[in-house]
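Structural features, examined
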2 protein chains.
Amino acid sequence: MKDVVSSCPIEEAMRVLSGRWPTLLLYYLKDGTKRFSDLRRDNPTVSHRILALELRKLEVAGIVRRTAHAGYPLRVDYDLTAPGLKLVPLIDALGDWWEDTEDDRAGRVSSSAETRLVAAE
Amino acid sequence: MKDVVSSCPIEEAMRVLSGRWPTLLLYYLKDGTKRFSDLRRDNPTVSHRILALELRKLEVAGIVRRTAHAGYPLRVDYDLTAPGLKLVPLIDALGDWWEDTEDDRAGRVSSSAETRLVAAE
DNA sequence: CCGTGGTTACAGAATAGTGCGTAATTTACA
DNA sequence: TGTAAATTACGCACTATTCTGTAACCACGG
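Residues numbered from 1 in each chain as written. Chains lettered and ligands numbered in written order. Predicted model: local features only at pLDDT ≥ 70, side-chain atom pairs only at ≥ 80, totals over all residues. Heavy atoms only, no water.

1. Re the overall build of chain A
Of regular secondary structure, chain A possesses 6 helices and 4 strands. Shown N-terminal to C-terminal, the secondary structure of chain A runs as helices and strands in the order α-α-β-α-α-β-β-α-α-β. Split into buried and exposed, the 121 residues of chain A put 44% on the buried side. The long-range share in chain A, meaning contacts at least 24 apart out of those at least 6 apart in sequence, stands at 48%. When the accessible surface of chain A is summed, it comes to about 6700 Å², and 54% of that surface belongs to carbon and sulfur atoms. (Helix = DSSP H or I, 4+ residues; strand = E, 2+ residues; numbered from the N terminus. Buried < 20%, exposed > 50% of the residue type's maximum accessible area, 1.4 Å probe, protein only. Contact = heavy atoms within 4.5 Å. Areas by Shrake-Rupley, 256 points an atom, 1.4 Å probe, with all protein chains shown as cover.)

What follows is the structure, encoded as C-alpha cells:
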C-alpha cells in the first residue's frame, strides 16, 4: 500500500475506514463513551495490540476522541468526535444498502456470478 | 481476517468494499462501461493480478457485471449492476463527509492528536 | 499477584507485485 | 510467402511486502 498522495477524498476516507475494525468500533462507540476494556469485551476477537492501533488510527484521523484520566488504576475513555458522529449515519446507510440489495446482488457464489458471454459481431 | 460469519450487514459490506481499489473502481465505473485495460490505465499502480482479483470480488458480490465477448483478441467489458449504481451516491457521500469535516477533524498528525488529559476526581 | 492501557519484539499469516504463459487473429517485415 | 510479433485478459508460481497475533514488559495502587 504505497502512499501515492491520493488527493481523492474517497480514497483518503477509505484509508482510515478500511479493514474489519474501524466500522465496528464506530458502531460500538455510537452508543456513547466506552473504555478500552469495554471495546475488547464488545468484540473479543480483536487482539489487544490491534485494538490499540486501530483506536489510535481513528484518533489521529479525528474520528474518535481519547480521554486519559490521570492517576491509577489507569483509566481511558473513548468517544466519537463531531465528525465521527456525522459519519455514523453514512455507515448505517451502507448497511441498509447491503440488506436492501441482497436479492438483487444475488450472491450466486457457486456459478459464474454475473458474467455473461456475448458473441463477437 | 477470519470469517466469523458476521451477520452484521455493515461488516459484510465492508468486507467487499475494504481496501484501496473497490471504491476507486466504483468511481471509474460510474461513468459507464470500461474494459480491463481502461481500468489499468485509470489507475496505473494496480497490478493486473490484483485488478483481476478485485474485479472478480466485486462481480461475485453482484456490484459489477462482467461481459466477455467471444473471439480474439479477447474483449471484456465491466459495468455496474443496479446495486452497484445505488452504491455510488453512498460512496460519494463518504467523500463529501471527508471533505466537509476536514477542518473539524483537524489532522493534527504531529501532536498527540485528539488526546486530552483529565485530572482524576 | 492482579488489573489497566499501552508498547515493543518476534513470528507467522495474509496480501501484493513480477514475470511468464496462453488463446486466436491481425499486422509487420524480410 | 512465411513467420515472427503484437494484442487482450487474464491464470499461475514465486517473491516481496505488509499485517496480525502472541507474549512479554512497563507503570502503579490495592
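2. Considerations on the pattern of salt bridges
Opposite charge on two side chains makes pairing possible when the charged atoms of those side chains draw close. Summed over all chains, the structure comprises 15 salt bridges over all chains. Across the pair A:Glu11 and B:Arg20 runs a salt bridge, and its minimum N-O distance is 3.1 Å. Highlighted residues: A:Glu11 in helix 1 (residues 9-17) and B:Arg20 in the loop between helix 1 (9-17) and helix 2 (21-29), drawn from two different chains. Considered together, A:Glu11 and B:Arg20 belong to a single accessibility category, that of buried residues. B:Lys30 is the partner of B:Asp92 in a salt bridge, and the nearest nitrogen-oxygen pair spans 3.4 Å. Here B:Asp92, found in helix 5 (residues 82-100), pairs with B:Lys30, found in the loop between helix 2 and strand 1 (34-35); they are 62 residues apart in sequence, far enough to count as distant. Assessed through its relative accessible area of 28%, B:Asp92 is described here as partly exposed. What makes B:Lys30 partly exposed here is its relative accessible area of 32%. (Salt bridge = Lys/Arg side-chain N within 4 Å of Asp/Glu carboxyl O.)

3. Section: the protein's contact with DNA strand C
For DNA strand C, the set of nearby residues contains 15 residues, the closest of which are A:His48, A:Arg66, A:Tyr78, B:Arg49 and B:Tyr72. For DNA strand C, the fraction of atoms within 4 Å of the protein that belong to sugar or phosphate moieties is 54%. Between DNA strand C and A:Arg35 there is a distance of 3.2 Å, counted from a phosphate oxygen to a side-chain nitrogen or oxygen. Residue A:Leu74 places a main-chain N or O atom 3.4 Å away from a sugar or linking oxygen belonging to DNA strand C. Mapped onto the surface near DNA strand C, the elements with two or more residues apiece are helix 3 (36-42), helix 4 (48-60) and strand 3 (75-80) of chain A together with helix 4 (48-60) of chain B. Across the surface near DNA strand C, the residue classes tally to 6 nonpolar, 5 polar and 4 charged. (Near = heavy atom within 4 Å. Polar contact = N/O pair within 3.5 Å; in protein donor to acceptor, adjacent residues only side chain to side chain. Nonpolar A, V, L, I, M, F, W, Y, C, P; charged D, E, K, R; others polar.)

4. Comments concerning the protein's contact with DNA strand D
Around DNA strand D, the surrounding shell holds 16 residues, and the nearest of these are A:Arg49, A:Ile50, B:His48, B:Arg66 and B:Tyr78. The sugar-phosphate share of atoms of DNA strand D within 4 Å of the protein amounts to 60%. Within the side chain of A:Arg49, a nitrogen or oxygen atom sits 3.2 Å from a base nitrogen of DNA strand D. The contact in question runs from a sugar or linking oxygen of DNA strand D to an N or O atom on the backbone of B:Leu74, over 3.0 Å. Among the secondary structure elements, those contributing two or more residues to the surface near DNA strand D are helix 4 of chain A together with helix 3 (36-42), helix 4 and strand 3 (75-80) of chain B. The biggest single contributor to the surface near DNA strand D is helix 4 of chain B, with 4 residues. Across the surface near DNA strand D, the residue classes break down as 8 nonpolar, 3 polar and 5 charged.

5. Regarding the layout of surface pockets
Residue and element names in this part refer to chain A. Taken as a whole, the largest pocket spans an internal volume of roughly 220 Å³. Forming the boundary of the largest pocket are Arg35, Phe36, Ser37, Ala52, Leu55, Arg56, Glu59, Arg66, Leu74, Arg75, Val76 and Tyr78. Secondary-structure elements contributing two or more residues to the lining of the largest pocket are helix 3, helix 4 and strand 3. Take the lining of the largest pocket: its biggest share by element is 4 residues, from helix 4. Within the lining of the largest pocket, the residues separate by chemical class into 6 nonpolar, 1 polar and 5 charged. (1 Å grid on protein atoms, 1.4 Å probe; cavity = no way out; pocket = protein on both sides within 12 Å on 5 of 7 lines; lining within 4 Å. Points joined across faces, edges and corners; volume = space filled by probe spheres on them.)

6. Looking at the packing of aromatic side chains
All names here are of chain B. In this structure the tally under the stated criterion is 4 aromatic pairs over all chains. Positioned above the aromatic ring of Trp97 is the side chain of Arg105, whose terminal nitrogen or guanidinium carbon lies 5.7 Å from the ring centre. The cationic tip of Arg105 hangs over the ring face of Trp98; the distance from NZ or CZ to the ring centre is 3.6 Å. (Phe/Tyr/Trp six-rings, centres within 6.5 Å; stacked < 30°, edge-to-face > 60°. Lys NZ or Arg CZ within 6 Å of the ring centre and 35° of its normal.)

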